[in-house]
Amino acid sequence: MELITRTLLLGLALSLTNAAPAHQDEPAPEDGDAALPDRCEGIEFDAITLDESGKNPFFFKEGHLWNGFYGPAKPSTMFFKELDEHHHLGHVDAAFRMHNPAKQDAHDHIFLFLDDHVFSYYNHTLETGYPKTIQEDFPGVPTHLDAAVECPQGECITDSVLFFKGQDVYVYDIVTKTVKTKTWPHLPLCTSAFRWAEHYYCFHGHNFTRFNPVSGEVSGTYPKDARNYFMKCENFGHGGDHKAPKCSEVKLDAITTDDRGRIYLFTGLNYMRVDNRRNGLHAFPITRGWKEVTNGVDAVFSYTNKMYLIKDDQVYIYKTDAHYVLIEGYPKSLREELGIEGTVDAAFLCPNEHTVHILQGHMIRDVDLTATPRVINREIPLPLPDIDAGLCGPDGIKVFKGSQYYLYESPMILATSRIAPVPRNITSGMIGCED
């Protein structure tokens, strides 16, 4: 199962997120294009940003850019033609895409920074009134920047943009237009910054370092060579030739939806995140999001901006304000936190309700999360035992068992039905496996 899990996650990360499709070769420059820069030579990017759709990145280097994770360099003016009309410097200092529906005048615009000016593009067209001085659009932000990256609320404290200059980081609040300055001397000097799948990367030379956008903390072994992760180069890569397993081989350990509507699927030591509003499906080790949970999970549910992760007889509760932070005093025992004994097969909580449904073997045990202390207030025999995972949503309740799931209209029907509905197969559209 561990091999299947690792292979599944790799297939997801490469094929479903548009991320670094390492199975595709970087096409060689055509005749006459030999002078184009080659990112496989280990160059340092000037700026990186997502395009207006949020699906593909632009990598800038002097007067050229790469549109996507593979392919040859092209002149920047093919995509942002006015750049050459306003300057002849052949570079972009910093860039970011603003994804903020509350600011319709700037939503999904791409901002490019050059010396002391900023350019705003929408549909590859320069907006009226631009370029402007940086101070006009972003008061308090310095000129001649090194890098910039958007940081939405939930990942940062407020909807923000992080601007880098030297070892200083200027956190610009999009709503209040105020700036707070931080100094992160432990972070390399970032010549570009990139947000991908809620993770933040500081690029320096041909390397990158992943960092926490609130604290600047670096976790894990860094720096890493960008050619192994963000492009396809000969003699580089990290196993992109693996294929996703058959859907008949997939088994979930847990599944939940958070308060922002994102679905999390857990299998083995890893998890996948489904986000229909942004970049689709992503795969990471569980310890990257919940570092104290080191041995997988048995069940997960979300309630009032908190996520409950259950493993064996322990409950870990995390705040979800900006990154997952373990609440002080946790983990606690299942008995102390939820008033139940034994291990848990699955758990789910329906939207706008306060009762968590705990599935244990042949029983459903309901616990009122508003009660103190929490105790079991109802026990009902479960007609479909040994469930792996459960999820309650607008279309009903899905309970997963092996590579199949069963759909019920409500918790009551799940508990009282004596005939199980026809099982449905997990599909590639749900998990990223091969049908």
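Cut-off values and rules
Residues numbered from 1 in each chain as written. Predicted model: local features only at pLDDT ≥ 70, side-chain atom pairs only at ≥ 80, totals over all residues. Heavy atoms only, no water. UniProt positions renumbered as here; feature names shortened; annotations may be inferred. Helix = DSSP H or I, 4+ residues; strand = E, 2+ residues; numbered from the N terminus. Buried < 20%, exposed > 50% of the residue type's maximum accessible area, 1.4 Å probe, protein only. Contact = heavy atoms within 4.5 Å. Salt bridge = Lys/Arg side-chain N within 4 Å of Asp/Glu carboxyl O. Polar contact = N/O pair within 3.5 Å; in protein donor to acceptor, adjacent residues only side chain to side chain. pLDDT = per-residue confidence, 0-100. Phe/Tyr/Trp six-rings, centres within 6.5 Å; stacked < 30°, edge-to-face > 60°. Lys NZ or Arg CZ within 6 Å of the ring centre and 35° of its normal. Pairing = 2+ DSSP bridges.

Looking at an unreviewed UniProt entry, one finds the protein chain named Hemopexin, with Astatotilapia calliptera as its source organism. Here the protein chain is described in UniProt, under the heading Function (unreviewed entry), as follows: "Binds heme and transports it to the liver for breakdown and iron recovery, after which the free hemopexin returns to the circulation." Recorded in UniProt for the protein chain, the comment headed Sequence similarities (unreviewed entry) runs: "Belongs to the hemopexin family."

1. Digging into the overall build of the protein chain
Within the protein chain, the secondary structure is distributed over seven helices and 34 strands. Sorting the 435 residues of the protein chain into buried and exposed places 52% on the buried side. Considering only residue pairs separated by 6 or more positions, the protein chain has 45% of its internal contacts joining residues 24 or more positions apart.

2. A closer look at the pattern of salt bridges
The final tally for this structure, using the stated rule, is 14 salt bridges. Between Asp-388 and Lys-251 there is a salt bridge, with its nearest N and O atoms 3.5 Å apart. Of this pair, Asp-388 sits in the loop between strand 30 (376–381) and strand 31 (389–393) while Lys-251 sits in the loop between strand 17 (224–225) and strand 18 (254–257), placing them 137 residues apart in sequence. The exposure class of Lys-251 is partly exposed, given its relative accessible area of 32%.

3. Section: the side chain of His-107
Structurally, His-107 can be placed in the loop between strand 5 (94–98) and strand 6 (109–114). At a separation of 3.5 Å, a polar atom in the side chain of His-107 contacts the side chain of Asp-108. Residues within four places of His-107 in sequence aside, it is in contact with Met-98, His-99, Asn-100, Pro-101 and Tyr-122.

4. Considerations on the confidence of the model for the protein chain
Per-residue confidence for the protein chain gives a mean pLDDT of 84; residues scoring 70 or more make up 86%. Between residues 1–34, whose pLDDT stays under 50, and residues either more than four places distant or in other chains, the model counts 75 contacts.

5. Quick look at the packing of aromatic side chains
If you walk through the whole model with that rule in mind, you get 43 aromatic pairs. On the basis of an interplanar angle of 80 degrees and a centroid distance of 5.4 Å, the ring pair of Phe-113 and Phe-163 is categorised as edge-to-face. With a gap of 50 residues between them, Phe-113 in strand 6 and Phe-163 in strand 11 (residues 160–165) connect regions that are remote in the sequence. A relative accessible area of 1% places Phe-113 in the buried class. Between Phe-208 and Phe-230, the ring centres sit 5.1 Å apart and the planes meet at 90 degrees, which makes this aromatic pair edge-to-face. On the criterion of sequence distance, the pair formed by Phe-208 in strand 16 (residues 207–211) and Phe-230 in the loop between strand 17 and strand 18 is long-range, its members being 22 residues apart. The class of Phe-208 is buried, set by a relative accessible area of 3%. Among the residues examined, Phe-230 registers a relative accessible area of 6% and is labelled buried. A cation over an aromatic ring shows up here: Lys-224 above the ring of Tyr-222, its NZ or CZ 4.8 Å from the ring centre.

6. Considerations on the sheet that holds strand 4 (residues 74–75)
In spatial order, the strands read 1-2-3-4; together these four strands make up an open sheet with antiparallel pairing. The open sheet has two edge strands with one neighbour each: strand 1 (47–50) and strand 4. As paired elements, strand 2 (residues 57–61) and strand 3 (residues 64–67) share four bridges and run antiparallel to each other. Its bridge partner lying in strand 3, Lys-61 is registered against His-64.

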